[in-house]
Amino acid sequence: MTIVFRATQPDELRRAAVVVTTALMGSPPSDDDWNERGQASWEEMPSYTAWDDDRCVGHVGHFLVETVVPGGTRLGTGAVSRVGVLPTYRRRGIAKGLMHELVADADRRGLPLMSLRASEATIYERFGFGLAGEFCGIELIPRQAAPIRGAATDGSMRLLRPDEIVDVLPDLYDRVAFGRPGVITRPASWYRRLFKDAIEGSKASFVAVHTNADGIDDGYIHYENEWDDGHADGPTGKGEVYDAYGATPATELALWQYLCDVDLVTRWKATERPIDDLVRTACHDTRAYRVRSVDDEQWLRLVDVDIALAARTYSPADGEVAIRVTDPLLPRNDGTFVVSAGGVRRDDTAEADIVTDIVGLSAAYLGGTSWFAVTATGRASTGDPASVALADTLFRTTPGPFCGTFF
Ligand SMILES: CC(=O)SCCNC(=O)CCNC(=O)[C@H](O)C(C)(C)COP(=O)(O)OP(=O)(O)OC[C@H]1O[C@@H](n2cnc3c(N)ncnc32)[C@H](O)[C@@H]1OP(=O)(O)O
């Protein structure tokens, strides 16, 4: 059997979609789904397919987005998605061949980063991805949580009409959502998917916008609520929070104060919140905020180490640390990078304080995984624990990384 890997052609997209939905145990797109949204979202994604003769058997692709890195610069990113191989073709190196094509594609396009959400956490390190950020699932009991400390009190909230959402949100998201490293830009075409129920009015799904005292929209919250008839204390309201972005911490907290004031809801949940969520600290009673789960969120791969390291800022610290990196897939990245508060220089002759592979560097890059953890777990080595402490000071970011968008 000879498997051929090649860039997916426009007339092959629907067959690729069937392969991916089969692999991910979903339903293949209906004609309506495909015509309405599906085809367009596949067309905007550069992708590769694997072929056994004329049978499509595997697919990988990446959306072209930007990721905020520490300091606020946005770097071009291949947001990897729709990875799937037919059950009858697994464990023969097909995903490997496709991922190698995709990494090379990102490199050719000049994307300094690749990023993904993994179906299983054991798959992607072999392609250079490191776990760069986690999220937590939480529950919030509004009556216990309020008042939310630090919430802005001089603004106002308004609910968007369903027909306003696609017009208002892209610009608002771009203005207010980039407060953390790891946040990504959202292509305009994603809004109909991300806000489907609020746009169609098919559920009690809402977007509420915060307007500050100067009359400027500076935050929004996307949430749903419903009756919970199965609650032990009798019927009560419950709700789920999706996006909650404010241009300032005070605005973000005002969004949560708003949720606490929504009548009838006795319990909010959110499946994706930052690990260092300010909301927890802001609750009148911090036990009103319960962490229910912690999971891997953002897997990152540095495609161009020179550009990526130069693009981020570093925290104040005395001294410099030399990090030697190896990258079997992209040997151009092999080298020694000397990092200080002032920036980075490449000096392949420098004596290394820390030696790691591209996985270790990618994990530590956004400041979400410590060099201490990378070293202690064998992904990096050092003869000098003080260098590891210095690297952690330099790479630390506050607030920590969070993406918040599933793709
Ligand atoms: C970003 C996203 O889209 S996440 C969604 C990923 N897709 C899915 O989970 C759908 C269901 N699964 C699948 O379609 C396939 O099993 C895939 C895509 C995960 C793997 O495809 P395969 O063609 O079987 O992988 P392939 O044979 O190339 O394996 C490459 C390596 O990954 C390893 N590997 C593959 N799948 C897994 C897994 N699920 N868990 C752990 N290791 C795995 C293989 O052992 C192999 O290791 P090696 O290089 O050290 O020998």
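Computed from a predicted model, the values in this text were never measured in an experiment. (Residues numbered from 1 in each chain as written. Predicted model: local features only at pLDDT ≥ 70, side-chain atom pairs only at ≥ 80, totals over all residues.)

Student: Honestly, the confidence of the model for the chain in this entry has me stumped. Any pointers?
Tutor: Where the model shows low pLDDT, its predicted coordinates should not be examined in detail. On average, the chain scores 96 in pLDDT, and the residues at 70 or more come to 100%. The ipTM value of the predicted complex is 0.97, and its pTM value is 0.96. (pLDDT = per-residue confidence, 0-100.)

Student: Mind showing me how you'd approach the UniProt feature "binding site: acetyl-CoA" (unreviewed entry) in the chain here?
Tutor: The residues that UniProt annotates with the feature "binding site: acetyl-CoA" (unreviewed entry) are Val83, Gly84, Val85, Arg91, Arg92, Gly93, Ile94, Ala95, Lys96, Ser119 and Glu120. Mapped onto the elements of the fold, glycine 84 is located in strand β4 (residues 74–85). Setting aside anything within four residues of it in sequence, one finds glycine 84 in contact with Val19, Val20, Ala23, Leu24, Gly58 and His59. Among the structural elements, alanine 95 can be located in helix α3 (residues 94–108). Exposure remark for alanine 95: the 23 C-beta atoms within 10 Å place this residue in the buried category. For alanine 95, the residues in contact, after removing those within four places along its chain, are Gly58, Val83 and Val85. (UniProt positions renumbered as here; feature names shortened; annotations may be inferred. Helix = DSSP H or I, 4+ residues; strand = E, 2+ residues; numbered from the N terminus. Contact = placed C-beta atoms within 7 Å. Buried ≥ 20, exposed ≤ 12 C-beta atoms within 10 Å, placed from the backbone.)

Student: Just checking my understanding: could you explain the sheet that holds β4 for this structure?
Tutor: Within a sheet, each strand pairs with its neighbour through backbone hydrogen bonds, oriented either parallel or antiparallel. Pairing is mixed across the open sheet formed by 12 strands, whose spatial order is β1-β2-β3-β4-β5-β12-β6-β11-β10-β9-β8-β7. Of all strands in the sheet, those bounded by a partner on one side alone are β1 (3–7) and β7 (156–159). Neighbour-to-neighbour, the strand axes of the sheet open up by a mean angle of 25 degrees, direction not taken into account. Where strand β3 (residues 55–68) meets β4, 10 bridges bridge the pair, whose relative direction is antiparallel. (Pairing = 2+ DSSP bridges. Axes fitted to C-alpha atoms, helices over the stretch in contact; angles between N-to-C directions.)

Student: What is the right way to read the sheet that holds strand β15 (residues 343–346) from this model?
Tutor: Spatially, five strands are ordered β15-β14-β13-β16-β17 in an open sheet, and the strand pairing comes out mixed. Each edge of the open sheet carries a strand with a single partner, namely β15 and β17 (380–382). On average, each strand axis in the sheet is inclined to that of its neighbour by 25 degrees, with strand direction left out of account. Along the sheet face, helix α13 (residues 385–395) touches β13 (320–326), β14 (335–340), β16 (354–357) and β17 and points at about 95 degrees away from the line of β13.

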